[in-house]
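Descriptive structure summary
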Amino acid sequence: MLYQRSSQLFAAAEKVIPGGVNSPVRAFKGVGGTPIFVSRAKGAYLYDEDGNRFIDYINSWGPMLLGHAHEPVIQAIKTRASLGTSFGMPTELETQIATLALSMVPNIDKIRFVNSGTEACMSAIRLARGFTKRDKIIKFAGCYHGHSDSFLIQAGSGASTFGTPNSPGVTQGTAKDTLLAHYNNLESVASLFAANPNSIAAIIIEPVAGNMGCVPPLPGFLEGLRALCSQHGALLIFDEVMTGFRLAKGGVQERMNIVADIVCFGKVIGGGLPVGAFAARDEIMNYLAPVGPVYQAGTLSGNPLAMAAGLAMLSEIHSDAELFSRIDAKTAYLHEGMQKVLLESSLPFTINRLGSMISVHFDESPVIDFETAKKGDNERFKRFFHGMLQEGIYIAPSAYETWFITDALTYDDLDYTIQAVANVVPKI
Ligand SMILES: *Cc1c(COP(=O)(O)O)cnc(C)c1O
């Protein structure tokens, strides 16, 4: 495959946009080479500016659960656009999507819409802090909650005490209120509660992690967090930006039967337009302005185009009783196919999967947290990525990302992908 035009477009973009991209992971820094410039996409396929076709396993990093340019979503956007694209005033659409979302997700009474997952998580912790009148939060190494200051804290040697910022510009003052724990390790959480009595407002977690590959919670882990939060008067925030409306209609809360106090959404909820949201029971949501004292706002929040896309997307998901079993079955089929190929090779590997999230790690030990995710052979992953690209398969350009399976993928697409893995594996 040739990427001549993509290379030219990237060179032009680099002159006017830092690194040529508006979000860093798109730049292919993790795998080397030149990013592919997309011209269009439909269903399971992406078409680039050079005319190459790819089967897409990123799907805009999650939102396109039903495939690209899904007709009901596109129609809703078109219809809505001709009526005006932003008013900064309430519309009935907002109540419609709120009502539908609340009917699909358990344990939430009210929802507030924002413009991204970052905004949702940032607002959720402010709300948790206001509600509990405490300052500190616990996050887990390897979990991503957007790029706001409080979350850009990485595990280091000080991981079990205070966080250190992993981006210049995040102050020590902010970092000291973010405590780091280890995913799937309840002890690490319990000791933070013991060391910080009455000062932890919330735990925020990806209840099925998807930003270090797919890392499901071990049995008892989420239940343990729930118990610790209840015991210590802290809120449990599920960041379901990735998992919401993807692992079940009601997300991980429904799928694993755990009650969270605040839930964050993004990605699927916007049907491909910029939408985020956070939701909780009345008692907590009534702390938000204009009812309560915690301030949060947005000029384009609840934007009619975005709400129309989101409403169409959620309606599709709501009305299709077989959707999740169908997507899960496709993911399981891909898992089995790739596993067979990899077992026949001599490569060390681990495949993690939950629902329509799946990731391939080039290391044989179980991947249960950030430390074990980092053990994967990155050099081999780079060769795998570029090999798959040559075969016409687009996976995330990073070893720490989940693949997203969509309903638009056919079993032929999956067979083609498994064959591509078989072609690539001997070369890596
Ligand atoms: C993508 C993601 C975010 C950030 O959402 P943006 O819309 O990119 O700001 C937050 N949390 C999780 C779990 C995510 O996957």
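Above this text is the structure in question.
Residues numbered from 1 in each chain as written. Predicted model: local features only at pLDDT ≥ 70, side-chain atom pairs only at ≥ 80, totals over all residues. Heavy atoms only, no water.

Before going further, it helps to spend a moment on the overall build of the protein chain. Within the protein chain, the regular secondary structure consists of 14 helices and 16 strands. Counting only C-alpha atoms and orienting by the principal axes, one finds that the protein chain spans roughly 55 × 55 × 45 Å. The buried share among the 428 residues of the protein chain stands at 56%. Of the contacts formed within the protein chain by residues at least 6 apart in sequence, a portion of 71% connects residues at least 24 apart. Approximately 17,400 Å² of the protein chain is accessible, and the part contributed by carbon and sulfur atoms is 55%. Positive and negative side-chain charges of the protein chain, numbering 34 and 40 respectively, have mean locations separated by a distance of 4 Å. (Helix = DSSP H or I, 4+ residues; strand = E, 2+ residues; numbered from the N terminus. Buried < 20%, exposed > 50% of the residue type's maximum accessible area, 1.4 Å probe, protein only. Contact = heavy atoms within 4.5 Å. Areas by Shrake-Rupley, 256 points an atom, 1.4 Å probe, with all protein chains shown as cover. Lys, Arg positive; Asp, Glu negative; His and termini not counted. Charge placed at Lys NZ, Arg CZ, Asp CG, Glu CD.)

This brings us to the sheet that holds strand β13 (residues 350-354). The three strands are arranged β13-β14-β16 in an open sheet whose pairing can be described as antiparallel. In the strand order of this sheet, the two ends are held by β13 and β16 (403-404), each with one partner. Relative to strand β14 (residues 357-361), β13 is paired through five bridges, and the arrangement is antiparallel. Its bridge partner lying in β14, Asn352 is registered against Ser359. Helix α11 (residues 323-344) contacts β13, β14 and β16 of the sheet and is inclined by roughly 175 degrees relative to β13. (Pairing = 2+ DSSP bridges. Axes fitted to C-alpha atoms, helices over the stretch in contact; angles between N-to-C directions.)

As a further point, take the site of the ligand. The ligand sits among Ser116, Gly117, Thr118, Tyr144, His145, Gly146, Glu206, Asn211, Asp239, Val241, Met242 and Lys267. The separation between an oxygen atom of the ligand and a polar side-chain atom of Asn211 is 3.2 Å. Asp239 has a polar side-chain atom sitting 2.6 Å from a nitrogen atom of the ligand. Within the shell around the ligand, the residues separate by chemical class into three nonpolar, six polar and three charged. (Near = heavy atom within 4 Å. Polar contact = N/O pair within 3.5 Å; in protein donor to acceptor, adjacent residues only side chain to side chain. Nonpolar A, V, L, I, M, F, W, Y, C, P; charged D, E, K, R; others polar.)

Before going further, it helps to spend a moment on the nonpolar core. Counting residues in hydrophobic clusters, the biggest one holds 113 residues, and the most contacted among them are Tyr57, Phe140, Ile205, Phe245, Phe265, Ile317 and Phe384. It is helix α10 (residues 304-319) that provides the largest number of residues to this core, a total of 10 residues. When residues no more than four places from it in sequence are discounted, the contact partners of Tyr57 are Leu334, Ile393, Tyr394, Ile395, Trp403, Phe404, Ile405, Leu409, Asp413, Leu414 and Thr417. (Core = buried A, V, L, I, M, F, W, Y, C linked by side-chain atoms within 4.5 Å.)

Turning our eyes to something else, we now look at the side chain of Thr331. In this fold, Thr331 is placed in helix α11. For Thr331, a relative accessible area of 0% gives the class buried. A distance of 2.8 Å separates the side chain of Thr331 from the backbone oxygen of Ile327, its partner in a polar contact. In contact with Thr331, other than residues within four places in its own chain, are Arg353, Gly355, Ser356, Met357, Ile358 and Ile405.

Along the polypeptide, Ser359 turns up in strand β14. On the basis of relative accessible area, Ser359 is assigned to the buried category, the value being 1%. Side-chain polar atoms of Ser359 contact the backbone nitrogen of Cys214, separated by 2.8 Å. Here His361 takes part through its side chain, which lies 2.8 Å from a polar atom of the side chain of Ser359. For Ser359, the contacting residues outside a window of four places in its chain are Gly213, Cys214, Thr350, Ile351, Asn352, Glu401, Thr402 and Trp403.

Another aspect to go through is the environment of Ala373. Within the fold, Ala373 resides in helix α12 (residues 370-373). Spatially, the C-alpha atoms of Ala373 and Gly213 are 7.2 Å apart, while their sequence positions differ by 160 residues.

In this section: the pattern of salt bridges. Under the criterion given, the structure shown has 15 salt bridges. Taking the shortest distance from any N to any O, the salt bridge between Arg226 and Asp261 comes out at 3.1 Å. Of this pair, Arg226 sits in helix α7 (residues 221-232) while Asp261 sits in the loop between α8 (251-256) and β11 (262-265), and the two are 35 residues apart along the sequence. Take Arg226: its relative accessible area is 17%, and that puts it in the buried class. Of the residues examined, Asp261 reaches a relative accessible area of 5% and is grouped as buried. Arg281 is paired through a salt bridge with Glu283; the nearest N and O atoms lie 2.9 Å apart. What you see here is one network of salt bridges that share partners, running through Arg226, Asp261, Arg281 and Glu283. (Salt bridge = Lys/Arg side-chain N within 4 Å of Asp/Glu carboxyl O.)

Here Tyr57 lies in the loop between β3 (53-56) and α2 (71-81). A relative accessible area of 0% means that Tyr57 is categorised as buried. With 306 residues separating them along the chain, Tyr57 and Asp363 place their C-alpha atoms 21 Å apart.

This part takes up the sheet that holds strand β15 (residues 393-394). Spatial ordering of the open sheet is given by β1-β2-β3-β15, a layout of four strands whose pairing is mixed. Either end of the sheet is taken by a strand with one partner, and the two such strands are β1 (38-42) and β15. Across four bridges, β1 lies against strand β2 (residues 45-48) in antiparallel orientation. For Arg40, the partnering residue across the bridge sits in β2 and is Tyr47.

Moving on to the packing of aromatic side chains. Counting across every chain of the model gives 16 aromatic pairs. Aromatic pair Phe28 and Phe385: ring centres 5.2 Å apart, planes at 90 degrees, arrangement edge-to-face. Residue Phe28 is located in the loop between α1 (4-16) and β1, and its partner Phe385 is located in helix α13 (residues 378-390); the two are separated by 357 residues in the primary sequence. Judged on exposure class, the residue Phe28 and its partner Phe385 are both buried. Judged by centre distance (5.3 Å) and plane angle (80 degrees), the ring pair of Phe131 and Tyr287 falls under edge-to-face. Here Phe131, found in helix α4 (residues 117-132), pairs with Tyr287, found in the loop between α9 (282-285) and α10; they are 156 residues apart in sequence, far enough to count as distant. (Phe/Tyr/Trp six-rings, centres within 6.5 Å; stacked < 30°, edge-to-face > 60°.)

This is a description of form; function is not addressed.
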